[in-house]
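Topology and contacts: notes
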Amino acid sequence: MFPYLILLLRRVLLTRIPKILVGILFLLVPTSLFCQQSDVSTPTDPRTMQLLLERISQLEASQRQMSERLAQLEKAQPAGDPKPEARNEKLAVDQTGHTTEAAALLSPQSSSSKAISSDPKESAVADPERQDEMSEHMDVSKTLLNIRGFGDFGLYGGTQKGQTTSFSIGQINLFITSNLSERFKFLTELVFEVQQDNTFQAVPERVLLEWSLNDHFKLAAGRYHTGIGYYNTAYHHATWFQTATERPYVFEYEDEGGILPIHIVGLEASGQIPSGKLGLNYVAQVGNGRSRDPLVEPVQNYVDDNSRKAVNFALFARPDSIPGLQAGFSAYHDVLSTITSPRIDETIMDAYAVMIRSKFEWLNEALMIRHAPSGQHVFDTPAFYSQISERFGKYRPYLRYQYINASSQEPVLPQVGLRTGPSVGIRFDPTASVALKLQYDHTLLRRQPGIDGQTCPQLQMCAPNAVGVQVDFKF
């Protein structure tokens, strides 16, 4: 009886359990059973043993055939053809440009699609609402919207007649970007700022759609910062990124009394120039010039007051041999019209050399602004600034000196005159998202018309002495 049970148990194990486990049980089970029945003498049937061995051989042959068949199927599949699930995931990554986000959105949908395909009644094709829901998820993964916020708040005072010491809300900047596809990107800076009449105004300071072919050619259209020199392209509308409380006077914004065309509406081409370790880059821009009518918006966002377009070209290098160094130049040309002069050729030449490292900063930039009224005297206005700072832990003291000297007969810049002097300050970063700045400005002012201190947009422009305390933050 016991030999028959043992043979039956072995037969079941051979058909249900992998061969390795069968071998182990084959050795252990009879030993255990026969140890318990060591006092019973049972004869073994040779024919039964032969049948058992033949069955084992058949199972081993079947397993070898299955292994060979599986190997043939794997070889028959093309080497570059991934599994359907892998193809779907790769396609999602290529279309969105966001590997992490695409995988996160695709994972639950992949498992859902497998479950749906097993039951045609619950498939997305048969359920329009389900299909719309999946389409919404796909659109979100393609156009992921990223928003970063920056702001500043301060206390400012100066010695110009009529000026008052006041708390002031600076700019609240929403920096919004979106990758529309692998090659198209969208960028905008929506800035909320306070006007001189204490009212708020929302202005899209930059609105830019960019198409990228490769690192050597990128094409952008919209409203952007003119590529004049370094400061205007390196620092935009968030004071958080700059060391000092204010921009250099020559690079102030148009609506705050600035003298340069800081913004332009048009087309821009940019990219790297194959130059090895020299690291050459180019920027070429064309767009609407600025208006010189004091009663209208200086940036011509919708219509240009003449058919002539402003053009700008910039070239700069970032050599590998000197980490942090950037040097370059730019040339800008436009044709302006004023009340006294119907045609004024404007040319702005800029050259700079800056060193930006983690703890050290040294900015040097010089400009020449040339205005040539038709048939009249040519006016050249030189300007420059130099700024140096170094970080010690959470503290960064800095020093800046700036200079501009315009003729009192200048047809475009009659209110500028001579402005020169130093600014000294310190920046303290208590956390990674908050910065405190204290700055003192001393400015020598000559050949300027009477200035009402209450309407001065920036104290450092029109006050002999000014002090500012500023809090910058990002969110």
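Residues numbered from 1 in each chain as written. Predicted model: local features only at pLDDT ≥ 70, side-chain atom pairs only at ≥ 80, totals over all residues. Heavy atoms only, no water.

Some thoughts on the overall build of the chain
When its secondary structure is counted, the chain shows eight helices and 17 strands. By residue count, 36% of the 475 residues in the chain fall in the buried class. For the chain, restricting intrachain contacts to residue pairs at least 6 apart in sequence, the fraction spanning at least 24 positions comes to 55%. (Helix = DSSP H or I, 4+ residues; strand = E, 2+ residues; numbered from the N terminus. Buried < 20%, exposed > 50% of the residue type's maximum accessible area, 1.4 Å probe, protein only. Contact = heavy atoms within 4.5 Å.)

Quick notes on empty space enclosed by the protein
In total, this model carries four cavities of 30 Å³ or more according to the counting rule given. When its volume is computed, the second largest cavity comes out at roughly 60 Å³. Around the second largest cavity, the lining residues are Thr 226, Pro 261, His 263, Ile 264, Val 265, Asn 288, Gly 289, Arg 290, Pro 298, Val 299, Gln 300 and Tyr 332. Sort the elements by how many residues they give to the lining of the second largest cavity and strand S6 (residues 263-273) lands first, with three residues. Grouping the constituent residues of the lining of the second largest cavity by class yields six nonpolar, five polar and one charged. (1 Å grid on protein atoms, 1.4 Å probe; cavity = no way out; pocket = protein on both sides within 12 Å on 5 of 7 lines; lining within 4 Å. Points joined across faces, edges and corners; volume = space filled by probe spheres on them. Nonpolar A, V, L, I, M, F, W, Y, C, P; charged D, E, K, R; others polar.)

A look at the packing of aromatic side chains
Inspection of every chain in the model, using the stated rule, returns 13 aromatic pairs. Residues Tyr 231 and Tyr 235 carry aromatic rings whose centres are separated by 4.5 Å and whose planes lie at 35 degrees to one another, so their mutual orientation is tilted. You'll find Tyr 231 and Tyr 235 in the same group, each marked buried. Ring pairs connect the aromatic residues Tyr 230, Tyr 231, Tyr 235, Phe 251, Tyr 352 and Tyr 385, which therefore count as one cluster. A cation sits over an aromatic face here: Arg 427 above Trp 240, 5.0 Å from the ring centre. (Phe/Tyr/Trp six-rings, centres within 6.5 Å; stacked < 30°, edge-to-face > 60°. Lys NZ or Arg CZ within 6 Å of the ring centre and 35° of its normal.)

Examining the environment of Lys 394
Within the secondary structure, Lys 394 sits in the loop between strand S12 (379-390) and strand S13 (395-405). A relative accessible area of 46% means that Lys 394 is categorised as partly exposed. When the C-alpha positions of Lys 394 and Phe 428 are compared, they lie 5.6 Å apart, and in sequence the two are 34 residues distant. Among all residues touching Lys 394, those that are not within four sequence positions of it are Arg 427, Phe 428, Asp 429 and Pro 430. One polar contact links the side chain of Lys 394 to the main-chain carbonyl oxygen of Pro 430, over a distance of 3.5 Å. (Polar contact = N/O pair within 3.5 Å; in protein donor to acceptor, adjacent residues only side chain to side chain.)

Things to note about the layout of surface pockets
When its volume is computed, the second largest pocket comes out at roughly 950 Å³. Lining the second largest pocket are 34 residues, with Glu 210, Thr 233, His 236, Glu 268 and Ser 270 sitting closest to its centre. Counting residues per element, the ones that place at least two in the lining of the second largest pocket are strand S2 (166-179), strand S3 (184-194), strand S4 (200-214), strand S5 (217-225), helix H7 (231-234), S6, strand S7 (280-288) and strand S8 (309-317). Looking at the lining of the second largest pocket, its residues break down into twelve nonpolar, 15 polar and seven charged.

Focus on the nonpolar core
By size, the foremost hydrophobic cluster in this structure holds 36 residues, and its most contacted members are Phe 251, Ile 259 and Leu 260. Counting residues per element, the ones that place at least two in this core are S5, S8, strand S9 (325-336), strand S10 (344-356), strand S11 (360-373) and S12. Among the elements that take part in this core, S10 stands out by supplying four residues, more than any other. Excluding residues that lie within four positions of it along the chain, Phe 251 makes contacts with Ile 228, Tyr 231, Asn 232, Leu 260, Ile 262, Asp 350, Glu 365, Leu 367 and Tyr 385. (Core = buried A, V, L, I, M, F, W, Y, C linked by side-chain atoms within 4.5 Å.)

Some remarks on the pattern of salt bridges
The final tally for this structure, using the stated rule, is eight salt bridges. In this structure, the salt-bridge partner of Lys 437 is Asp 472, at a minimum N-O distance of 2.7 Å. Of this pair, Lys 437 sits in strand S15 (residues 434-442) while Asp 472 sits in strand S17 (residues 465-474), placing them 35 residues apart in sequence. For Lys 437, a relative accessible area of 1% corresponds to the buried category. (Salt bridge = Lys/Arg side-chain N within 4 Å of Asp/Glu carboxyl O.)

Observations regarding unusual backbone geometry
With a phi angle near 70 degrees, Asn 198 is a residue other than glycine that sits in the positive phi range. The class for Asn 198 is exposed, based on a relative accessible area of 67%.

A word on the environment of Met 349
Considering the arrangement of structural elements, one finds Met 349 in strand S10. With relative accessibility at 39%, the residue Met 349 sits in the partly exposed group. Separated by 20 residues in sequence, Met 349 and Ile 369 have C-alpha atoms that sit 6.7 Å apart. Apart from the residues lying within four places of it in its own chain, the contact partners of Met 349 are Ser 330, Ala 331, Ala 366, Leu 367 and Met 368.

Looking at the pairing of S13
Because side chains alternate across S13, one face comprises the buried residues Arg 396, Tyr 398, Arg 400, Gln 402 and Ile 404, and the other comprises Tyr 395, Pro 397, Leu 399, Tyr 401, Tyr 403 and Asn 405, none of which is buried. With seven bridges joining them, S12 and S13 adopt antiparallel strand pairing. Of the residues in S13, the one forming a bridge with Ser 386 is Tyr 401. Between the end of S12 and the start of S13, which pair antiparallel, lie four residues, with Gly 393 showing a positive phi angle near 65 degrees. As judged from the eleven bridges shared by S13 and strand S14 (residues 418-428), these two strands associate in the antiparallel manner. Counted as the bridge partner of Tyr 403 is Thr 420 from S14. (Pairing = 2+ DSSP bridges.)

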